[in-house]
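# Residue-level structure breakdown
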Amino acid sequence: MTSPLHIDGTWHPDFAPLREVFIENFRSRGELGAAICVYRHGEKVVDLWGGVANRETGALWQEDTICCMMSVGKSMAAFCLLMLIDRGKVDLEAPVTRYWPEYGQAGKEKTSVRMILSALSGVLYADAAPDGAAYDWDLMCRALAAQKPEWEPGSQGAYHSMSAGFLLGELVRRVDGRPIDRFFTEEIARPMGVDYRYGVGDGDLHRVSDIMPNPASTTFTQTRDITTKLGRAWRVRPASPTPYNDPAFRGSVVPSVNGHGNARAIARVYAALANGGTLDGFRLLSPTLVEAMRTESWRGTCGMTDRPFRYGLGLFLNYPPMMVFGANPRAFGHPGAGGAVGIADPEVGLSFAYSPNLMCAGAGMGDRCQALVEAALGPQATIEI
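Residues numbered from 1 in each chain as written. Predicted model: local features only at pLDDT ≥ 70, side-chain atom pairs only at ≥ 80, totals over all residues. Heavy atoms only, no water.

### As for the packing of aromatic side chains
Under the counting rule described, the total for this entry stands at 13 aromatic pairs. Ring centres 6.2 Å apart and planes at 50° place the aromatic pair Phe 220 and Tyr 244 in the tilted group. Here Phe 220, found in helix α7 (residues 218-223), pairs with Tyr 244, found in the loop between α8 (229-234) and α9 (247-251); they are 24 residues apart in sequence, far enough to count as distant. In this structure, Phe 220 and Tyr 244 share a single accessibility class: buried. Taking the centre distance of 4.9 Å and the plane angle of 65° together, the rings of Phe 309 and Phe 316 count as edge-to-face. Site record: aromatic cluster; members linked through ring pairs are Tyr 159, Trp 298, Phe 309, Tyr 311 and Phe 316. (Phe/Tyr/Trp six-rings, centres within 6.5 Å; stacked < 30°, edge-to-face > 60°. Helix = DSSP H or I, 4+ residues; strand = E, 2+ residues; numbered from the N terminus. Buried < 20%, exposed > 50% of the residue type's maximum accessible area, 1.4 Å probe, protein only.)

Structure representation (structure tokens):
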């Protein structure tokens, strides 16, 4: 089905208001190109895409268009480690040094796996890594192993903007032997049939939509300013006039920031979490571990961004105004800089995902994303501060 604004795809009549908000984003909120997807009780009920995938050429967003979904990839990396915990390969309460001995330096000897997943490790930077080193996995992991935490591990929460993907991914590699990109592909993407990956191969480059940076994005601005905490963390990203569209960036493995896919893929993964951890016979995680994931680990002012967050295991918990995940206070998910997001609400059996190519403004999820989330999952929850 197509509208004059080039909106294609399918939707259940119950979600017609969501489709109208999606269209309105293009008409009045500056949307360039994007996709949204919703699952309800394990069934796909919304799968819409539209707009322009490439502003320069005018190429339209297609059914199989993918884009960089930024930090949504952190949750995918967390699911990989959580799968190993679920299988008894990793003990959530064990010290990281049981699996990664070199990590036990500079005051990190008692850091547990739980602290890594809960963003309580205090390892936000890789100060020993040279500028632009982010695409060298081994070098980055050595630098993180040597890094002194910003505070006693376990004592304060902070969004591990740059480091999370390496910390989670290296634990997976140390235990399983496979690098995080291969583990995700073989253990989640292929079995679930989801179009998402770390590192875009040559055969898929033609369907990648360019990311349009927004100078009004707080995260985008701060990551490029080395005098800020986010800038200190992200100075390891190689300099580029088009940081998210550079071929080296697309081809690398940096799970904190460069997972590429679309809303359809992320909504399907989160649909398993909204359905007790299993979808179409594939068990992603046990119900017990899904509950552990959405149990609050900490709340308060983030030590990296100075924004108010609630955090579980490997992802955020509903906490307006920064994390807007609908009407259910127990909904959970993970956004990406620019507005992409994946959300699960098990109480109503819904998952939602959004993948745009135009970054949002401000420090939160952006007006386009928030409008869609409210249409899909209800108005903002009231959560006691």
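### Brief notes about the nonpolar core
Phe 79, Leu 117, Leu 273 and Phe 352 are the most contacted members of the largest nonpolar core, which has 139 residues in total. Top element by residues in this core is helix α2 (residues 72-86). It accounts for eleven residues. In this view, Phe 79 contacts Ile 188, Val 269, Tyr 270, Leu 273, Leu 285, Met 293 and Leu 315; residues no more than four positions away in its chain are not counted. (Core = buried A, V, L, I, M, F, W, Y, C linked by side-chain atoms within 4.5 Å. Contact = heavy atoms within 4.5 Å.)

### Some words on helix α5 (residues 164-176)
Taking 1.5 Å per residue as the helical rise, α5 with its 13 residues ought to reach 18 Å, and the 18 Å between its terminal C-alpha atoms agrees with that figure. All buried positions along α5 are accounted for by Ala 164, Gly 165, Phe 166, Leu 167, Leu 168, Gly 169, Glu 170, Leu 171 and Val 172. Contacts made by the buried residues of α5 are with α2, α3 (113-117), α4 (137-146) and α6 (180-192). (Expected span 1.5 Å × (residues − 1).)

### Side note on unusual backbone geometry
Glycine aside, negative phi is the norm for most residues, and most peptide bonds take the trans geometry. A cis amide bond links Pro 320 to the next residue, Pro 321, at an omega of 10°. Positioned with a positive phi, Ala 106 is a non-glycine residue whose angle comes to about 55°. Within the secondary structure, Ala 106 sits in the loop between α2 and α3. With relative accessibility at 36%, the residue Ala 106 sits in the partly exposed group.

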